[in-house]
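Tertiary structure, described
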Amino acid sequence: MTTLNTVVEQKVPLQTQSGRSHWRIILLLALVAHVAVALEFFNFSPVPPLTSWGFENIAIALSLHAGHGFSSPFFTPSGPTAIMAPGYPLLLAGMIRVFGTGSLAASIVVTLQVLFSLLTVVVVMYIARLHFGSRTANLAGFVCALSPPMLMTPLKIWDTSLSALLLAGFFAAVSAGQIRRLKFVPAGAACALAGLINPSLIPALCAICAWAAWKAKKFPWAGILAFLIVFSPWPLRNAAVLHAFIPLRADFGYELWMGNHPGGNGDFDESMDPMMNAGERLAFVSQGELAYLHQKDSLAKTYILSHPGHFIQLSLRRVWQFWMGTEGGGDATTAPLFLLASGGLVLLWRRRPLFLLYALPLMLFPLPYYITHVYVRYQYPIDPLLAILAAHAIAAFLSFMRPTPEKDL
């Protein structure tokens, strides 16, 4: 029986799709959409000053700027912290040093994040054209340019937009063969730098590196060494300052507790967060960060072990939330994007190496969120890959529906 995949491969080889790349038009469309959404989001008024944004990375950046070091993630003096990776707070601290803490600084940070998002559109189109041709690249660009999560995420001062750009850029480098030519050393260093911004990227990036090593038939020992050298200052700092081995972040047990505690429904409960709850913040300060986080870790593990069925139920709910966009997991476009991307991934099955290149990061990236909790911005770093696969599915369907000229008998 003739399948869609077979017909598409025979009719129009997707690697050689004809047509022009309309990246300039799509980039302009993305810029206009971002500006329009930003004006609406901020209600046509100035962006609030950085001091009014209740985010941990801003609190740490303000502490750095004040000369108190990497500390106090909840706007209350609480000593050194490892609750976040250092990359983005350091970037914000640099911005604060140059532009201050008012509306101008916040506006520049938001503008920078919009720039990250626009660059991601260009990178996505580059990847899609490499793998599938210009038609798919244009479709993927339109998806990125107009997707509500991709328009809204840059308006929250967090590392998410930069994380998406880093993952997409790394994916593009692998797709173009750059990692094999560069002997994995810059790749390992880039993985470490990305991990210092968002540790959640590390499994996906390592999987992409492993794929490149498999294709090159080389063991990436030099890349592993480069990763360890570039990444090592962070755990060494934590050992020296906090007297504990903290390779990534100290708060995994806390995040586990947030999603798995008596009476919880598996979501992140802001009313129990030290940023919002004065009692929890007092406990955080009085006990100290590590003692507080260890207590939450112990409570979470105790609850999970005593309620394994409920934990499995909550985890399955979070899997659904992550990909379907229910509750805090996304919006109305999340499920269609996932379903289209799933179809695009299935169409890659016969192109097994390319299938693995896309499947591995998509499988590994969400794993921590399945057992902790899901929030709207967590999926965003892999949305560019989903956009490419969704565009591939749409292009394949359009090719399948196009009539084929009858051959002469």
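Below you will find a few notes about this structure. (Residues numbered from 1 in each chain as written. Predicted model: local features only at pLDDT ≥ 70, side-chain atom pairs only at ≥ 80, totals over all residues. Heavy atoms only, no water.)

Describing the overall build of the protein
As a reminder of what qualifies: Comment: elements are numbered from the N terminus, with helices defined as DSSP H or I runs of at least four residues and strands as E runs of at least two. Here the globule rule reads 2.2 Å times residues to the power 0.38, and the radius of gyration is calculated from C-alpha atoms. Burial status follows relative accessibility: with a 1.4 Å probe on protein chains alone, a residue under 20% of its type maximum counts as buried, one over 50% as exposed, and anything between as partly exposed. Neither His nor the chain ends contribute to the count of charged residues, in which Lys and Arg are positive and Asp and Glu negative. Each charge is placed at NZ for Lys, CZ for Arg, CG for Asp and CD for Glu.
When helices and strands are counted, the protein shows 21 helices and 0 strands. Relative to its length of 409 residues, the protein is compact, with a C-alpha radius of gyration of 23 Å against a globular reference of 22 Å. For the C-alpha atoms alone, the extent of the protein along its principal axes is close to 85 × 50 × 45 Å. Within the span of the protein, comprising 409 residues, buried residues form 52% of the whole. Between the centroid of the 26 positive side chains of the protein and the centroid of its 18 negative side chains there is a distance of 16 Å.

Points about helix 19 (residues 352-364)
Counted only if it meets this: Every helix has an expected span of 1.5 Å times one less than the residues it contains. Contacts were defined at the residue level, with two residues in contact if any of their heavy atoms lie within 4.5 Å.
For helix 19, spanning 13 residues, the distance from its first C-alpha to its last is 18 Å, which sits close to the expected 18 Å at 1.5 Å a residue. The set of residues buried in helix 19 consists of Leu354, Phe355, Leu357, Tyr358, Ala359, Pro361 and Leu362. Where helix 19 is buried, its residues contact helix 5 (103-132), helix 8 (160-175), helix 11 (202-216), helix 17 (308-324), helix 18 (334-347) and helix 21 (383-401).

Some thoughts on the pattern of salt bridges
Stated formally: Here a salt bridge means any side-chain nitrogen of Lys or Arg lying within 4 Å of a carboxyl oxygen belonging to Asp or Glu.
Enumeration according to the criterion identifies 4 salt bridges in this entry. Between Arg249 and Asp251 there is a salt bridge, with its nearest N and O atoms 2.7 Å apart. Judged by its relative accessible area of 33%, Arg249 is partly exposed. Using a relative accessible area of 4% as the deciding quantity, one classes Asp251 as buried. Its salt-bridge partner being Lys301, residue Asp297 comes within 3.1 Å of it at the nearest N-O pair. Here the residue Asp297 and the residue Lys301 both occupy positions in helix 16 (residues 289-306), the gap between them amounting to 4 residues, near one helical turn.

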